[in-house]
Amino acid sequence: MKERTNQEESGLKEKVIAVNRVAKVVKGGKRFGFTALVVVGDGQGQVGIGYGKAKEVTLAVVKGVNAAKKKLISVPMKGTTIPYPLIGQKGSGYVIFKPAAPGTGVIAGGPVRAIMEAVGIQDVLTKSLGNNNPHSVVNATMEAFNQIKLLSSRLELRETIS
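Everything in this summary refers to the structure shown in the same document. (Residues numbered from 1 in each chain as written. Predicted model: local features only at pLDDT ≥ 70, side-chain atom pairs only at ≥ 80, totals over all residues. Heavy atoms only, no water.)

Now for the pattern of salt bridges. Under the defined criterion, the tally for this structure stands at two salt bridges. A salt bridge links Glu117 to Lys15; the nearest nitrogen and oxygen atoms lie 2.2 Å apart. Residue Glu117 is located in helix α2 (residues 110-119), and its partner Lys15 is located in strand β2 (residues 12-26); the two are separated by 102 residues in the primary sequence. Classification of Glu117 as partly exposed rests on a relative accessible area of 31%. For Lys15, a relative accessible area of 9% corresponds to the buried category. The shortest N-O distance in the salt bridge between Glu117 and Arg113 comes to 3.9 Å. Here Glu117 pairs with Arg113, and both are found in helix α2, just four residues apart, close to one helical turn. Salt bridges here are not isolated pairs; linked through shared partners, they connect Lys15, Arg113 and Glu117. (Salt bridge = Lys/Arg side-chain N within 4 Å of Asp/Glu carboxyl O. Helix = DSSP H or I, 4+ residues; strand = E, 2+ residues; numbered from the N terminus. Buried < 20%, exposed > 50% of the residue type's maximum accessible area, 1.4 Å probe, protein only.)

Take helix α1 (residues 57-70) next. It helps to recall that an α-helix has 3.6 residues per turn; residues three or four apart then point in one direction. Along its 14 residues, α1 runs 20 Å from first to last C-alpha, staying within 8% of the 20 Å computed at 1.5 Å per residue. For α1, every residue scored as buried is listed here: Ala60, Val61, Gly64, Val65, Ala67 and Ala68. Along the long axis of α1, the arc covered by the buried residues comes to 165°, so they all point the same way. Exposed side of α1, more than 90 degrees from the buried face: Thr58 and Lys70 are the residues found there. (Expected span 1.5 Å × (residues − 1). Arc of directions from axis to C-beta.)

Val39, Val47, Phe97, Ile115, Met116 and Phe145 are the most contacted members of the largest nonpolar core, which totals 28 residues. Only β3 (29-41), β4 (46-54), β7 (93-99), α2 and α3 (134-161) provide two or more residues apiece to this core. Considering each element in turn, this core owes the most residues, seven residues, to α3. Leaving out residues up to four positions away in the same chain, Val39 has contacts with Lys13, Glu14, Lys15, Ile17, Val47, Gly48, Ile49, Ala114, Ile115 and Ala118. Counting residues in hydrophobic clusters, the runner-up holds ten residues, among them Val16, Ala36, Ala60 and Val65. (Core = buried A, V, L, I, M, F, W, Y, C linked by side-chain atoms within 4.5 Å. Contact = heavy atoms within 4.5 Å.)

For the rest of this paragraph, the subject is α2. The buried fraction of α2 amounts to seven of the ten residues, a majority that puts the element mostly inside the structure. Residues Pro111, Val112, Ala114, Ile115, Met116, Ala118 and Val119 constitute the buried set of α2. Where α2 ends, the next residue or the one after it, Gly120, has phi of about 110°, a positive value.

All right, on to the environment of Gly130 then. Assignment of secondary structure puts Gly130 in strand β9 (residues 124-130). Here Gly130 falls in the exposed class, since its relative accessible area comes to 68%. Separated by 38 residues in the primary sequence, Gly130 and Ser92 have C-alpha atoms spaced 5.9 Å apart.

Turning next to the packing of aromatic side chains. Under the defined criterion, the tally for this structure stands at one aromatic pair. Both rings, one in Phe97 and one in Phe145, keep their centres 6.0 Å apart while their planes meet at 15°; by these two values the pair is stacked. Here Phe97, found in strand β7, pairs with Phe145, found in helix α3; they are 48 residues apart in sequence, far enough to count as distant. A relative accessible area of 0% means that Phe145 is categorised as buried. (Phe/Tyr/Trp six-rings, centres within 6.5 Å; stacked < 30°, edge-to-face > 60°.)

Structural data, given as structure tokens:
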């Protein structure tokens, strides 16, 4: 995984999660293209994922970063961890998150680790189950973050009613 910081865009960190080479068979042979799965975050609760396709790797990464910047969401945190245990599911990919004590670190594999570091979560326990395709794992992680967002808005609504 490669990490870059874009100074112009208010300190957003870019991490390339996966690069894939794809081929199209045509009359003269094969035409190769590249896809890039990218995560962008500010380290303070903002994160977005993007997918870019192009004939060159660098252009695919740039397209992925631009797509990720358009899809930024905010993730509520409790200190340096998540507020409560979560399960995210997208397709056949499952990701389980548990809050951890300060100093534990990010116990996560590949794509989930990149997302946690981009968000700014420093203490969390995770386990990915089912499909281990990076796209499925990333989408399940973002689904779990959307659950946090929905539950926190429900709790705020509940407090205003009572």
